[in-house]
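# Structure assessment
Here is what each chain is made of, one letter per residue.
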Amino acid sequence: MSDTARLGALVDQAQVLVCVGTGGVGKTTTAAALALEGARRGRRTVVVTIDPARRLADALDLGSLSNEPAPVDLGPFGGATGGATPATLHALMLDTATTFDDLVIRHAGHPEQAQRILANRFYRNISRSLSGTREYMAGEKLHELHESGRFDLIVVDTPPSRNALDFLDAPHQLVRLLDHRVFRALTTPARGMGRVVNRAAHTVARTGARAVGGEVVDDVVAFFAAFEGMEAGFRDRSERVGALLASPATSFVLVASPRPDTVVEAAYFSRRLAERALGVGALVVNRVHPDFGSPADTPAYAPAGGRGPVGERGPVGGGGPVGGGPGAGEGQRAALAALRRNLADFVAVAACEREALAALGDEVAPAPVVQVPLLDEDVHDLAGLSRLGPYLVGGDRGRSPLLG
């Protein structure tokens, strides 16, 4: 089975595809193209971005994305393949604060408790700006979509790779926070040792109030008091998100380009996944230069009107220089030399890319390695995504890259 067919099998079989990679390698475009292919194969598909950039909305011809799945009008690009059911594709962009609010409402013991938390100024600040909150809420949104049963395939477009590691770690970090003795003491002030710790906490709070203001400390204390009893629900959700990311239903698609820096970054991410007992399901390398062969293999250039290839003393076999003017043969030879130097540069670049990608392929083995050539047009809309799809999963590719 070819590597593109193996990636196509992932699109057919996986429940979650998480696209990861450094910035500028076409990760968002790859995620959108895989989602479109999933939809065209008859799977109810949603693509999720937790990257704050608008590239996904632009690629899908959507004016804006919200925190809820929005249907994508596929128009002429929604034709199902292989006798599949009609294509259905949705898209959303994570809204961290809204997702956090929904989570609080879901786990609060009663509406009054939820309202106390939602109105708390400390909560409103951390739900919008605390480091790691976006990554944790991305996992929560993924779990929500998976549990809803609305979709057969969820494609996740993550932030650049080292931040995407936070996305993988977020569920475990929250569990560690909930289990920390200080957190448990602050949220259970009425039980045993908690009373002692709570008195100590108030001493610290009084000291802190002089430094940052009493209202800030009051908000923090009120938040933890209101949170009492909700930690079990948060812990359970975090564990289930972690289990989903580690399950066979989830595959990670590592996206890179042949540039040396992105190859190094991709290898780093592959190793970090392996440390978590997670494997790379597929490697996609975008913008690969084609192999033009050696300049020495290139046939000599025959000028228009000539009867043979250009030789050392002009066109061989008579015919004279094009245009008949003096020096025309020398100009053609100079142009040919420049073209051959340009070709030699392309050959050298392609050779370096092949060497770097061979090492990266060994790093992610036995995952399929899909190389997408440098295309002659940017991919920025549904037409481009439709054209890109066959390079990822196989099929009719239409026009050739670069050469038209």
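Residues numbered from 1 in each chain as written. Predicted model: local features only at pLDDT ≥ 70, side-chain atom pairs only at ≥ 80, totals over all residues. Heavy atoms only, no water.

## Notes on the overall build of the protein
Helices and strands together make up the secondary structure of the protein, namely 15 helices and ten strands. Residue burial in the protein is summarised as follows: out of 404 residues, 47% are buried. Look at the contacts in the protein between residues 6 or more apart in sequence, and 77% of them connect residues 24 or more apart. (Helix = DSSP H or I, 4+ residues; strand = E, 2+ residues; numbered from the N terminus. Buried < 20%, exposed > 50% of the residue type's maximum accessible area, 1.4 Å probe, protein only. Contact = heavy atoms within 4.5 Å.)

## A few points about the pattern of salt bridges
As enumerated under the stated definition, the model contains 16 salt bridges in all. Residue Lys141 pairs with Glu144 through a salt bridge whose shortest N-O separation is 3.3 Å. Of this pair, Lys141 and Glu144 both sit in helix α7 (residues 133-148), three residues apart, which is roughly one turn of that helix. Assessed through its relative accessible area of 21%, Glu144 is described here as partly exposed. Between Glu377 and Arg387 there is a salt bridge, and its shortest N-O distance comes to 3.9 Å. Here the residue Glu377 occupies a position in the loop between β10 (369-373) and α15 (382-393), and Arg387 occupies one in helix α15, the gap between them amounting to ten residues. What makes Glu377 partly exposed here is its relative accessible area of 43%. Classification of Arg387 as buried rests on a relative accessible area of 17%. Taken together, the shared-partner salt bridges in this structure form one network comprising Glu68, Lys141 and Glu144. (Salt bridge = Lys/Arg side-chain N within 4 Å of Asp/Glu carboxyl O.)

## Section: unusual backbone geometry
Of the consecutive residues Ala365 and Pro366, the connecting peptide bond is found in the cis state with omega at 10°. Along the chain, Pro366 turns up in the loop between α14 (328-364) and β10. You will see that Ala277, though not glycine, has its phi angle at about 60°, which is positive. Within the element layout of this structure, Ala277 appears in the loop between α13 (260-275) and β7 (280-288). Ala277 sits in the exposed class, given a relative accessible area of 72%. The phi dihedral of Arg287 falls on the positive side, at around 60°, and the residue is not glycine. Secondary-structure assignment places Arg287 in strand β7. Since its relative accessible area comes to 39%, Arg287 is described here as partly exposed.

## Digging into the sheet that holds strand β6 (residues 250-256)
Read from one edge of the open sheet, eight strands run β3-β4-β2-β5-β1-β6-β7-β10, paired in mixed fashion. The sheet is open, and its two borders are formed by β3 (70-71) and β10, each paired with just one other strand. Where strand β1 (residues 16-20) lies against β6, five bridges are found, and the strand directions are parallel. Of the residues in β6, the one forming a bridge with Val20 is Leu254. Together, β1, β6 and β7 form the strand contacts of α13, whose direction differs from that of β6 by roughly 160°. (Pairing = 2+ DSSP bridges. Axes fitted to C-alpha atoms, helices over the stretch in contact; angles between N-to-C directions.)

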